[in-house]
Amino acid sequence: MSKVDTIKERIPLIELKGITKAFPGVVANDDIHLTLYEGEIHALVGENGAGKTTLMKILYGEYRADKGEIFVRGKPVRITNPSVAVALGIGMVHQHFMLVPGLTVLENIILGSEPVKNAVLDIKSARQKIEDIMQKNAMPVDLDTYVEDLPVGLQQRVEILKLLYRGAETLVLDEPTAVLTPQETTELFKTLKALKEQGRGIIFISHKLNEVLEIADRITVIRRGRVVGEMPIEEASKEKIAEMMVGKPVVLEVENPRIEVGGHCLVLKDVVYEENGVKKLDEISFSVHAGEIYGVAGVEGNGQEELLKIISGEIYPSAGEIYITDKVVNRISPMGRRQLGIGHIPADRQAQGLFIDMPLYINVVVGWHWRKEFQKRGILDYKVMRSTASTVVKNFDVRTPSVEVPASALSGGNQQKFVVGREISFDPTLLLAAYPTRGVDVGATEFIYKQLIDEKVRGKAILLISADLEEILALSDRIGVLYRGKIIKEFRREEATPEIIGLYMLGVKEE
Amino acid sequence: MFDFWYFLLRGLQLSAPMAYGALGAVYSETGGVVNIAVEGMMLTGTFFFVWGATLFKSWIAGLLFAIVGAVLISLIHGLATITFKVNHVVSGTALNILASGLTRFLSMQVFGMETQSAVNPYTPPTFLRINVIAYFFIPLAIFTLWLLNRTRFGLRLRSCGQNPWAADSLGVNVYGYKYVGVILSGVFAGLAAATLYPYQWIDAMTAGRGFLALAAMIFGNYNPLYAVLAAMLFGYAETLTYFQSQIPLLSGISPILIKAFPYILALIVLAGFLGKTKPPKADGVIFEKGEG
């Protein structure tokens, strides 16, 4: 008998049949079938909002399906809440970790399944049990550290230990690599392969196709709540999956020509930012020229937020100088800097980029309301605002019924296209692009990349900050690695590989 | 003559309302419910104490009444903040106002007078000249410390105040634990009431001690033992008022200033420490199942 046949005859660990779930206005899951076998890593891929997380929340008992059945080892089950799922051997690592920051690693692991002896927590036996698990799977963590003090990679390890402590046979990992460095990802994949060898089943949710192809045994693609394809890894290719995800062919490699650079548009000279005695930015110096994209890579929390704020003017440097073109702007307000020609795609479009409950024609002047064309005798000119908003919507392919609807009515990708479009439309000389495609689907990502590159080619200076290394590598002409508030290394794009950048991101290598 | 031993004991008694209030608040806030209704719960408790004691001619009935009265207010706070997701501070403020009106209204009905009751002869027994209930707050603080750090209940309550979504995902009944935390704050407010001045009910007799209890809790960094020690700092500061004439050093100072001293102390302490204390991460955060 061939290997394929034996798999087919085995009873699946998990079987989802005809799962349907509707939320007001959308069908998140529409008649979804999915099977997971022992010793298998099954990748669930799809764009943001395709319904992957919803499906997994149904499996984990956080949502109830409107229709459909779930089988665990061939037996029909009703998973009414996460405790039922845990009892059935199903565990989930959420995209946003479900950890309690102020508890220790040990407390986090036992929470909800605490061993008790004479009314008191039996820490000793818990510790023994966890240490066994850690040893067996080569996943060491210091059990007495507070979780808030752990790096993200180890926090994720704690999440997985939580599942193993509860004896999970099926592990659901929702976008587990989104927050990891390449090295941490490698570690995670080692762990996952070891768990697979032990006969556990793993559902791996992702939209990073390289990773899926590296780790998965089987792939299910969903689009708009429906399964559009299922295939063993041997039959999968990056192009094929991407096309299935989006529903049309996608150009994955963006063309990014290097052009002759012009003068300095942004210069930071020994910029220091201190907060409560801590140097969040430590003597940062770099410059961005007209006609280039300068990418800042780094693990989140190494000063990205402060760097952005200090350039946009939300905070002022404690020492050093910031120049925009040739002007020192140290103490100039955000609006003053915009008037000097800064455009800013902020890190969080919903918190900073848009007034989410206001219509698009008002959102189009956010940050730019001072411009003459919007003023009519000192009062905002709604007519001009409406026509400007319509132009942005048209030029940047924002899918919206009209400019009268609130920004909240748009999908994440369209909100982002609107923000990007707005910032580009006013012709800034320097564009700050922070996480420009965070939470945006493949189609919109491609579009935004093209826009940023077009701007560069037109001679704009762009500072790109992103947590996505692929994005940094695809767009940047030069790359600086931010580590503990310092730019510890600069690369030209040709010199950089994800592995080398990763080493600097972790501070393993230093100049 | 300065009677040092009596000063010590009297200080213990005067610290007790703040200490019990602070302990109760620790339970509530550890579970993530901001509880500025402590003042209102204590005030309601004092009224109920006198009511119950005079009604059944027993201080024990008074104590039970005090606890029930305070718990009733805490239940409203729980219902508002946990079930109906009202902003915790808004609910607390409303309940403080409600408590002051409610006690006056009930006083009219029960005692026939709006602002005070007749003298209540049924008060808790004294041991070494002070209210016997005042002796228990330090052991209870130690017990609370143990309960929060060494038991399943404590671990789960802490997890609810830090990341209720995580707790929920592990099958912890978040709403239930939050209610227990809030109700315990009511129980402790009842104990606070029984140590306040159970000889008579007087309108607004808590005089901000519920707020001082909160200040003590914050100053004590949400740790039951430190919170109680902070409450004692305020309590002993208040004790000075009564011993001013016996302490030569203080005789020159205006009695008004001495009376204000605990409050001024609280203000200074809070101004100095508020930014440095570490409340539970999700303290005051509205928890909705399935979000997050």
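Keep in mind that what you see is a predicted model, and the values were worked out from it rather than measured. (Residues numbered from 1 in each chain as written. Chains lettered and ligands numbered in written order. Predicted model: local features only at pLDDT ≥ 70, side-chain atom pairs only at ≥ 80, totals over all residues.)

Quick look at the overall build of chain B
For chain B, the count of helices and strands is 11 helices and two strands. In chain B, the order of α-helices and β-strands from amino to carboxyl end is α-α-α-α-β-β-α-α-α-α-α-α-α. Its C-alpha atoms give chain B a radius of gyration of 19 Å, within 12% of the compact-globule value 19 Å for 292 residues. Overall size of chain B, expressed as C-alpha extent along the three principal axes, is 65 × 45 × 30 Å. Expressed as a percentage of its 292 residues, the buried residues of chain B come to 51%. Counted over contacts in chain B with a minimum sequence separation of 6, partners at least 24 positions apart contribute 77%. (Helix = DSSP H or I, 4+ residues; strand = E, 2+ residues; numbered from the N terminus. Rg over C-alpha atoms; globule rule 2.2 N^0.38 Å. Buried ≥ 20, exposed ≤ 12 C-beta atoms within 10 Å, placed from the backbone. Contact = placed C-beta atoms within 7 Å.)

With respect to the overall build of chain A
Helix and strand content of chain A: 18 helices and 24 strands. Overall, chain A is about 75 × 50 × 45 Å in size when its C-alpha atoms are taken along their principal axes. Taken across its 511 residues, chain A has 45% of its residues classed as buried. Restricting the contact set of chain A to residue pairs at least 6 apart, pairs at least 24 apart contribute 67%.

A few points about the interface of chain B and chain A
Much of the literature gives interface size as the accessible area that the parts lose upon coming together. Chain B puts 18 residues into the contact, and the matching count from chain A is 18 residues. Of all the elements in the fold, those that place two or more residues in the side of chain B that touches chain A are α6 (152–162) and α7 (164–169) of chain B. A class-by-class count of the residues in the side of chain B that touches chain A yields seven nonpolar, seven polar and four charged. (Nonpolar A, V, L, I, M, F, W, Y, C, P; charged D, E, K, R; others polar.)

Side note on the confidence of the model for chain B
When pLDDT is averaged along chain B, the result is 93; 99% of the residues meet or exceed 70. Confidence estimates for the predicted assembly give a pTM of 0.77 and an ipTM of 0.88. (pLDDT = per-residue confidence, 0-100.)

A closer look at the sheet that holds strand β17 (residues 327–328) of chain A
Residue and element names in this part refer to chain A. Spatially, the four strands line up as an open sheet ordered β14-β13-β16-β17, and their pairing is antiparallel. Sheet topology places β14 (278–289) and β17 at the edges, where each strand pairs with a single neighbour. Two strands pair when backbone bridges link them, and strand β13 (residues 264–275) and strand β16 (residues 319–324) are joined in this way by five bridges, in the antiparallel orientation. Along β16, the bridge assignment pairs lysine 269 with glutamate 321. Sheet strands in contact with helix α10 (residues 304–312) are β13, β14 and β16, and its direction is about 60° off that of β14. (Pairing = 2+ DSSP bridges. Axes fitted to C-alpha atoms, helices over the stretch in contact; angles between N-to-C directions.)

Comments concerning the domain arrangement of chain A
All names here are of chain A. The domain architecture assigned to chain A consists of domain 1 (3–246) and domain 2 (264–505). Centre-to-centre, using C-alpha coordinates, domain 1 lies 34 Å away from domain 2. Sorting the residues of the side of domain 1 that touches domain 2 by element identifies α7 (182–197) and α9 (238–246) as the ones contributing at least two each. If you tally residues by element for the side of domain 1 that touches domain 2, the top one is α9, at three residues. When its residues are assigned to classes, the side of domain 1 that touches domain 2 shows four nonpolar, four polar and one charged. (Domains from an automatic or database assignment.)

Digging into the nonpolar core
All names here are of chain A. Leu59, Phe204 and Ile241 are the most contacted members of the largest nonpolar core, which has 82 residues in total. With five residues, helix α6 (residues 152–165) is the largest single contributor of residues to this core. Setting aside residues no more than four positions away along its own chain, isoleucine 241 makes contact with Val45, Leu209, Ile219, Val221 and Ala236. (Core = buried A, V, L, I, M, F, W, Y, C linked by C-beta atoms within 7 Å.)

Some remarks on the pairing of strand β9 (residues 170–174) of chain A
Residue and element names in this part refer to chain A. Counting buried positions over the five residues of β9 gives five, a clear majority of the element. Residues Thr170, Val172 and Asp174 line one face of β9 and the alternating positions Leu171 and Leu173 line the opposite face, and both faces are buried. In terms of strand pairing, strand β6 (residues 90–93) meets β9 through four bridges, oriented parallel. Across the sheet, the residue bridging to glycine 91 is leucine 171, located in β9. For the crossover from β9 across α7 to strand β10 (residues 201–206), the handedness is right-handed. (Right-handed = clockwise from strand over helix to strand, strands pointing away.)

Structural notes on the packing of helix α10 (residues 224–243) of chain B against helix α11 (residues 255–273) of chain B
Residues and elements named next belong to chain B. Close contact between α10 and α11 brings their axes to 7 Å; oriented N to C, the two are set at 165°. Considering their axes alone, α10 and α11 lie roughly antiparallel with respect to each other. For the element pair α10 and α11, the recorded crossing hand is right-handed. From α10, Leu233, Phe234, Ala237, Glu238, Leu240 and Thr241 reach across to α11, where they touch Ile258, Lys259, Phe261, Pro262, Leu265 and Ala266. (Parallel < 35°, antiparallel > 145°, perpendicular 65-115°, else oblique. Left-handed = near helix turned anticlockwise from the far one by under 90°.)

Topic: helix α5 (residues 123–137) of chain A
For α5 of chain A, with 15 residues, the first-to-last C-alpha span of 21 Å sits near the 21 Å given by 1.5 Å per residue. Alanine 138 of chain A, located one to two residues past α5 of chain A, shows a positive phi value of around 50°. (Expected span 1.5 Å × (residues − 1).)

Describing the environment of glycine 39 of chain A
All names here are of chain A. Structurally, the position occupied by glycine 39 is in the loop between β2 (26–36) and β3 (41–45). Its 16 C-beta neighbours within 10 Å are what place glycine 39 among the partly exposed residues. Along the chain, glycine 39 and alanine 85 lie 46 residues apart, while their C-alpha atoms are 19 Å from each other.

Observations regarding the sheet that holds strand β18 (residues 342–345) of chain A
Residue and element names in this part refer to chain A. Pairing within the open sheet is mixed, and its six strands lie in the order β18-β21-β22-β15-β23-β24. Whereas interior strands pair on both sides, the edge strands pair on one side only; in this sheet they are β18 and β24 (486–492). On average, each strand axis in the sheet is inclined to that of its neighbour by 20°, with strand direction left out of account. Its contacts with the sheet put helix α18 (residues 498–505) on β15 (292–297), β23 (478–483) and β24, and the angle it makes with β23 is roughly 30°.

Considerations on the pairing of β3 of chain A
All names here are of chain A. When you tally the buried positions in β3, you get five out of five residues, the bulk of the element. Burial along β3 is two-sided: the residues Ile41, Ala43 and Val45 and His42 and Leu44 are all buried. Where β3 meets β10, five bridges bridge the pair, whose relative direction is parallel. Across the sheet, the residue bridging to valine 45 is serine 206, located in β10. Judged from the four bridges that link them, β3 and strand β11 (residues 218–223) form a sheet pairing that is parallel. Within the sheet, the bridge partner assigned to valine 45 lies in β11 and is valine 221.

Remarks on helix α3 (residues 59–83) of chain B
The terminal C-alpha atoms of α3 of chain B lie 34 Å apart, and with 25 residues this matches the ideal 36 Å at 1.5 Å per residue to within 8%. Phi turns positive, to about 60°, at lysine 85 of chain B, one or two residues after α3 of chain B.

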